[in-house]
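Summary of structural features
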Amino acid sequence: MLLAIPLLIVPFALYNLAMTGLFGDGGVAVLDSEVMAVNMLSGTTWTMAFGDLLILVALVLLFVEILKATRPGSRALLDHMLSMVLFVVFLVEFLLVQGAATQIFFILMTICFIDVIAGFAVSIRTASRDVSIGL
């Protein structure tokens, strides 16, 4: 059952925890707070903000979710349904919550949508390979 929980709930939870003030003052300003800075050979400094880190985490988890979609069985169906529920929660929060109306949250919601579509596409594709007609 725990394997069916969509991993993209992690960036969703981190975003909402950041908005409540767990990672600083809270609000949209925490998304621009610097997480790390690296001096490059060119002499410039490359910085990563908290919002950028959330997107990076979501992309890594999207890869894992697509790998999870390739497994056969009834757990995959539950995983797809929970991913769809998570996308609906993303969409409702984006439309109704003031702190979620940011480009970072929109990108996270789009990543979740890609997870839903890719999960169904991969499952349909692998299911069609499992069907043997006898030819």
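Sequence positions are assigned chain by chain, starting from 1 and proceeding in written order. The predicted nature of this model means local features are confined to residues of pLDDT at least 70 and side-chain atom pairs, given and counted, to a pLDDT of 80 or more, with totals for whole chains, interfaces and linings taken over all residues. No hydrogens and no water enter the side-chain calculation; it runs on all heavy atoms of the structure.

For helix α1 (residues 9-20), with twelve residues, the first-to-last C-alpha span of 16 Å sits near the 16 Å given by 1.5 Å per residue. Buried within α1 we find Pro11, Phe12, Tyr15, Ala18 and Met19. Taken down its axis, α1 places every buried residue within 130° of arc, on the same side. Downstream of α1 by one or two residues, Gly21 has phi in the positive range, about 110°. Helix and strand definitions here come from DSSP, where helices need a minimum of 4 consecutive H or I residues and strands a minimum of 2 consecutive E residues; each element is numbered from the N-terminal end. By this rule the span expected of a helix is its residue count minus one, scaled by 1.5 Å. Any residue under 20% of the maximum accessible area for its type is buried, any over 50% is exposed, and the rest in between are partly exposed; the area is computed with a 1.4 Å probe on protein chains only. Picture the helix axis, draw a direction to every C-beta atom, and the arc is the one those directions span.

Between 30 and 60 degrees the pair is tilted, below 30 it is stacked and above 60 it is edge-to-face, where a pair is any two Phe, Tyr or Trp rings, Trp via its six-membered ring, whose centres lie within 6.5 Å. Counted by the stated rule, this structure contains seven aromatic pairs. Consider the rings of Tyr15 and Phe105, whose centres lie 4.9 Å apart with planes at 55°: the pair is tilted. In this pair, Tyr15 sits in helix α1 while Phe105 sits in helix α4 (residues 103-130), placing the two residues 90 residues apart along the sequence. No difference in accessibility class separates Tyr15 from Phe105, as the two residues are buried. Ring centres of Phe94 and Phe106 lie 5.6 Å apart, and the angle between their planes is 45°; on these two criteria the pair is classed as tilted. Of this pair, Phe94 sits in helix α3 (residues 74-96) while Phe106 sits in helix α4, placing them twelve residues apart in sequence. Take Phe94: its relative accessible area is 23%, and that puts it in the partly exposed class. Cluster of aromatic residues (ring-pair linked, three or more members): Phe12, Tyr15, Phe90, Phe94, Phe105 and Phe106.

Before going further, it helps to spend a moment on the nonpolar core. Only buried residues count toward a nonpolar core, which is a set of Ala, Val, Leu, Ile, Met, Phe, Trp, Tyr and Cys residues joined through side-chain atoms within 4.5 Å. By size, the foremost hydrophobic cluster in this structure holds 24 residues, and its most contacted members are Leu8, Tyr15, Leu31 and Phe90. Of all the secondary-structure elements, those providing two or more residues to this core are α1, α2 (50-69), α3 and α4. The element that contributes the greatest number of residues to this core is α4, accounting for seven residues.

Let's shift gears to the environment of Leu14. Along the chain, Leu14 falls in helix α1. On the basis of relative accessibility, which here comes to 26%, the residue Leu14 falls in the partly exposed class. When the C-alpha positions of Leu14 and Leu54 are compared, they lie 7.8 Å apart, and in sequence the two are 40 residues distant. Note on contacts: a residue pair qualifies if any of its non-hydrogen atoms lie within 4.5 Å across the two residues. Not counting residues within four places of it along the chain, the set of residues in contact with Leu14 comprises Phe23, Phe50 and Leu54.

What follows deals with the environment of Thr102. By the secondary structure assignment, Thr102 is in the loop between α3 and α4. Remark: the alpha-carbon pair of Thr102 and Ala76, spanning 26 residues in sequence, is separated by 31 Å. Once you skip the residues sitting within four places of it in the chain, Thr102 turns out to touch Tyr15, Val28, Leu31 and Phe94. Separated by 3.2 Å, the side chain of Thr102 and the backbone nitrogen of Phe105 make a polar contact. Whenever two N or O atoms come within 3.5 Å, that pair is a polar contact, provided that in protein one can donate a hydrogen and the other can accept it, and provided that, for residues adjacent in sequence, both atoms are side-chain atoms.

This part is about the confidence of the model for the protein chain. Residue-level pLDDT values for the protein chain average 88, and 92% of them are 70 or greater. The secondary structure element of the protein chain with the lowest average pLDDT is α4, at 87, and the one with the highest is strand β2 (residues 45-49), at 95. One number per residue, pLDDT, summarises how confident the predictor is, and it ranges from 0 to 100.

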